[in-house]
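# Remarks on the overall topology
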Amino acid sequence: MHSGRTAAGIIDMEENRPIIYLYTDGASSGNPGPGGYGVVLKCGNLRKEMSGGFIMTTNNRMELLAVIVGLEAIKWQNARVEIWSDSSYVVNAVNKGWLGEWKRKGFAKVKNPDLWMRFLRVSSMHRIEFHWLKGHAGHPENERCDALAVDAGAGAFSRGESLPHDTGYEESVEMNGANTANLPL
């Protein structure tokens, strides 16, 4: 990959377009509990923030969903995207090849197969590179993503806002026969 620098940022010389930087975080209060995701997309001088929350979900689902939502927001195909996440679960699944192995085995006994399959679809449209960064260590975009995720999930729940259901999570709970009687569904 060749890149060069311009006033607008680093340019992917293969496509003559700016490199997209995707920062993500997920949060869940209770794990499972009310949860949310936060995304910051940066491309040249442009910046976009996104977030969303659910009444009942897990931290890992929100970490992965943040990456998916960020990738789905990219308007062109074959973009060079550098993804920055504090989730070892997400970063290692891709960088260490676990995801390929899970796919080969049909996602048997893998948590969050609905999201991993969605990730595979959207990630195949781009040239992605994952980077892990330490959470809560003062990185401005990671801190912003964390604030967005917490506010969209636990914050919205505590304000009495109506949050949607994470049907993928709920279906996995039902399939595994977990007791949902005490969950705020």
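Residues numbered from 1 in each chain as written. Predicted model: local features only at pLDDT ≥ 70, side-chain atom pairs only at ≥ 80, totals over all residues. Heavy atoms only, no water.

## Here's the deal with the overall build of the protein chain
Regarding its fold elements, the protein chain presents six helices and eight strands. What you see in the protein chain, going N to C, is helices and strands ordered as β-β-β-β-β-β-α-β-α-α-α-β-α-α. The burial tally for the protein chain puts 49% of its 185 residues in the buried class. Carbon and sulfur atoms make up 52% of the accessible area of the protein chain, which totals about 9600 Å². (Helix = DSSP H or I, 4+ residues; strand = E, 2+ residues; numbered from the N terminus. Buried < 20%, exposed > 50% of the residue type's maximum accessible area, 1.4 Å probe, protein only. Areas by Shrake-Rupley, 256 points an atom, 1.4 Å probe, with all protein chains shown as cover.)

## Regarding helix α4 (residues 113-123)
Within α4, burial applies to Leu115, Trp116, Phe119, Val122 and Ser123. Burial along α4 is one-sided: seen end-on, the buried residues are contained in an arc of 130°. Its buried side turned inward, α4 meets α1 (59-72), α2 (88-95), α3 (98-104) and β8 (127-132). (Arc of directions from axis to C-beta. Contact = heavy atoms within 4.5 Å.)

## Quick look at the pairing of strand β5 (residues 33-43)
With 10 of 11 residues buried, β5 is to be regarded as a mostly interior element. Connecting strand β4 (residues 20-28) to the next strand, β5, in antiparallel fashion are four residues, including Gly30 with a positive phi near 110°. Bridging between β5 and strand β6 (residues 46-57) involves 10 bridges; their strand directions are antiparallel. Looking at the pairing, Val40 lines up with Glu49 of β6. Turn length for the β5-β6 hairpin, with the two strands adjacent in sequence and antiparallel, is two residues, and the turn residue Gly44 shows positive phi of about 60°. (Pairing = 2+ DSSP bridges.)

## Here's the deal with unusual backbone geometry
The step from Asn31 to Pro32 runs through a cis peptide bond, and the omega angle for that step is 15°. Within the element layout of this structure, Pro32 appears in the loop between β4 and β5. You will see that Asn31, though not glycine, has its phi angle at about 45°, which is positive. Relative to the elements of secondary structure, Asn31 occurs in the loop between β4 and β5. With a relative accessible area of 44%, Asn31 lands in the partly exposed category.

## Observations regarding the confidence of the model for the protein chain
It should be kept in mind that the predicted coordinates are not to be read in detail where pLDDT is low. On average, residues of the protein chain score 90 in pLDDT, and 87% of them are at 70 or above. For residues 179-185, every residue scores under 50 in pLDDT, and the model assigns this stretch nine contacts once sequence neighbours within four places are set aside. (pLDDT = per-residue confidence, 0-100.)

## What about the pattern of salt bridges?
Scanning the entire structure with this criterion turns up 12 salt bridges. In this structure, Arg47 and Glu49 form a salt bridge, with 3.2 Å as the shortest nitrogen-oxygen distance. Taking relative accessible area as the criterion, Glu49 reaches 33% and is therefore assigned partly exposed. Among the ionic pairs, Glu141 bridges to Arg47, the shortest N-O distance being 3.5 Å. (Salt bridge = Lys/Arg side-chain N within 4 Å of Asp/Glu carboxyl O.)

## Concerning the sheet that holds strand β7 (residues 80-85)
Across the sheet, which stays open at both edges, the five strands sit in the order β6-β5-β4-β7-β8 with mixed pairing between neighbours. Edge positions in the sheet fall to β6 and β8, since each has one partner strand and no second. Each adjacent strand pair in this sheet contributes to an overall mean axis angle of 20°, direction not counted. (Axes fitted to C-alpha atoms, helices over the stretch in contact; angles between N-to-C directions.)

## Looking at the packing of α1 against α4
If you want to describe how two helices pack, look at the angle between their axes and the distance between the axes. Where α1 contacts α4, the axes come no closer than 10 Å and their chain directions differ by 25°. Classified by the angle between their axes, α1 and α4 sit roughly parallel to one another. Remark: the crossing between α1 and α4 carries left-handed chirality. Taken together, the residues of α4 that come into contact with α1 (itself represented by Arg61, Leu64, Leu65, Val67, Ile68, Val69, Leu71 and Glu72) are Asp114, Leu115, Trp116, Arg118, Phe119, Val122 and Ser123. (Parallel < 35°, antiparallel > 145°, perpendicular 65-115°, else oblique. Left-handed = near helix turned anticlockwise from the far one by under 90°.)

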